[in-house]
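A closer look at the structure
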Amino acid sequence: MTSSSLPGTAKVTVVDHPLILHKLSLMRDVRTGVKEFRELAGELSMLLAYEAMRDLETAPERLSTPIQDDDFPMLSGKKLALVAILRAGLIMADAMVRLVPAAKVGHIGLYRDPATLKPVAYYSKLPQDISERRVFVTDPMLATGGSAVAAIQTLKEAGAQSIKLMTILSVPEGIAAVHAAHPDVDIVTAAIDTGLNDHGYIVPGLGDAGDRIYGTK
Ligand code: PRP
Ligand code: URA
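Reading the values: rules and limits
- Residues numbered from 1 in each chain as written.
- Chains lettered and ligands numbered in written order.
- Predicted model: local features only at pLDDT ≥ 70, side-chain atom pairs only at ≥ 80, totals over all residues.
- UniProt positions renumbered as here; feature names shortened; annotations may be inferred.
- Helix = DSSP H or I, 4+ residues; strand = E, 2+ residues; numbered from the N terminus.
- Rg over C-alpha atoms; globule rule 2.2 N^0.38 Å.
- Buried ≥ 20, exposed ≤ 12 C-beta atoms within 10 Å, placed from the backbone.
- Contact = placed C-beta atoms within 7 Å.
- Near = placed C-beta within 6 Å.
- Nonpolar A, V, L, I, M, F, W, Y, C, P; charged D, E, K, R; others polar.
- Pairing = 2+ DSSP bridges.
- Core = buried A, V, L, I, M, F, W, Y, C linked by C-beta atoms within 7 Å.
- Axes fitted to C-alpha atoms, helices over the stretch in contact; angles between N-to-C directions.
- Parallel < 35°, antiparallel > 145°, perpendicular 65-115°, else oblique.
- Left-handed = near helix turned anticlockwise from the far one by under 90°.

As annotated in an unreviewed UniProt entry, the chain carries the name Uracil phosphoribosyltransferase and comes from Deinococcus irradiatisoli. Under the UniProt heading Pathway (unreviewed entry), the entry covering the chain gives this text: "Pyrimidine metabolism; UMP biosynthesis via salvage pathway; UMP from uracil: step 1/1." For the chain, the Sequence similarities (unreviewed entry) comment in UniProt is given as "Belongs to the UPRTase family."

So this is what it looks like as structure tokens:
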């Protein structure tokens, strides 16, 4: 795992664990079909969540094992919210909620206009108490960063104060855009690729995440 940050910007954590790298390579493979792609995206999201949630607070609680009473760590502190950027972020949030079943789940609908590459907002439904929760925003792809920047803006306007962005693939352009607009938001990702092609796709990337998850094209 490598973490880095420029002065005045938030942290970027690249979770380059061998299991994650292997699963990501399978996702990149053009021969990987919808079923396997979905499964891999879910597994990888849970592995990323393990790292993204490393700093969750715990507090001792008195419990009885079959042998004796003792204090044991349990999650404490702020409650959690997972916010999926639709469509592709849904697969990540659905997987992560298995790890944190009490988390509330929000949805922000955005699609990237293929001509301008700018995000177009079409939906937003967030937990009412979002300001009191630690928010994990999920989107597998951080390309130009337009979608993530807009989603985080929506979250802040709704009152969110503690936000972490989780992506499977990122590029320096997207990371820079998020840092510039939201320097308080840490990013957790599986890999940072080379850059973007003329159509705004990540190179070498894995293609269109939403199309590969849902079998649309
Ligand atoms: C993809 C992806 C991100 C966005 C990334 O979504 O899931 O949300 O593009 O690109 P950006 O960083 O340049 O904004 P898309 O617009 O294809 O929508 P979809 O998830 O509904 O397929
Ligand atoms: N959105 C995707 O789904 N893939 C990319 O490579 C860039 C944006």
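Let us keep going from here.
What follows deals with the overall build of the chain. Secondary structure assignment for the chain yields six helices and 13 strands. Relative to the globule expectation of 17 Å for 217 residues, the C-alpha radius of gyration of the chain, 18 Å, shows essentially globular dimensions. In terms of overall dimensions, the chain has a C-alpha envelope of 60 × 40 × 35 Å along the principal axes. Per-residue burial for the chain yields a buried fraction of 40% across its 217 residues. A fraction of 60% describes how many contacts in the chain between residues 6 or more apart in sequence connect residues 24 or more apart.

A few words on the site of ligand 1. The full set close to ligand 1 counts 24 residues, and Arg112, Ala143, Thr144, Ser147 and Gly210 are the nearest of them. For the shell around ligand 1, a count of residues per class yields 13 nonpolar, seven polar and four charged.

In the neighbourhood of ligand 2, the contacting residues comprise Met141, Ala143, Gly200, Tyr201, Ile202, Gly205, Asp208, Ala209 and Gly210. In the shell around ligand 2, the residues fall into five nonpolar, three polar and one charged.

Bridge count for strand β5 (residues 79-86) against strand β6 (residues 104-112) is six bridges, and the pairing is parallel. Note that in β6 the partner of Ile85 across the bridge is Ile108. Bridge analysis of β6 against strand β7 (residues 119-125) gives six bridges, and the strand direction is antiparallel. Bridge pairing in β7 places Leu110 opposite Ala121. Once β6 ends, the chain turns through six residues before running back antiparallel as β7, passing Leu117 with a positive phi of about 65°.

By size, the foremost hydrophobic cluster in this structure holds 60 residues, and its most contacted members are Ala41, Leu82, Val83, Val135, Val137, Leu155 and Ala190. In terms of residue count, the dominant contributor to this core is helix α2 (residues 34-52) (seven residues). The contact partners of Ala190, leaving out residues within four places of it in the chain, are Val15, Ile20, Leu24, Leu44, Leu48, Ile168 and Leu169.

Moving on, we get to the environment of Asn197. Structurally, the position occupied by Asn197 is in the loop between β12 (195-196) and β13 (202-203). The class for Asn197 is exposed, based on 12 C-beta atoms found within 10 Å. Each C-alpha atom, one on Asn197 and one on Thr65, is 57 Å from the other, the two residues being 132 residues apart in sequence.

Right, let's get into the packing of helix α1 (residues 18-28) against α2. Where α1 contacts α2, the two axes come as close as 10 Å, and the packing angle between them is 155°. Judged by the inter-axis angle, α1 sits roughly antiparallel to α2. Viewed along their axes, α1 and α2 form a crossing whose handedness is left-handed. Where α1 abuts α2, its residues Leu19, Ile20, Lys23, Leu24, Leu26 and Met27 lie against Phe37, Leu40, Ala41, Glu43, Leu44 and Leu47. Residues of the contact of α1 with α2, tallied by class, amount to ten nonpolar, no polar and two charged.

The interhelical angle for the contact between α2 and helix α3 (residues 89-96), taken along N-to-C directions, is 60°, at an axis separation of 8 Å. In terms of orientation, α2 and α3 fall into the oblique class. At the point where α2 passes α3, the crossing takes the right-handed sense. Counting all contacts with α2, which are made through Arg38, Ala41, Gly42, Ser45, Met46 and Ala49, the residues of α3 involved are Ile91, Met92, Asp94, Ala95 and Met96. Grouping the constituent residues of the contact of α2 with α3 by class yields seven nonpolar, two polar and two charged.

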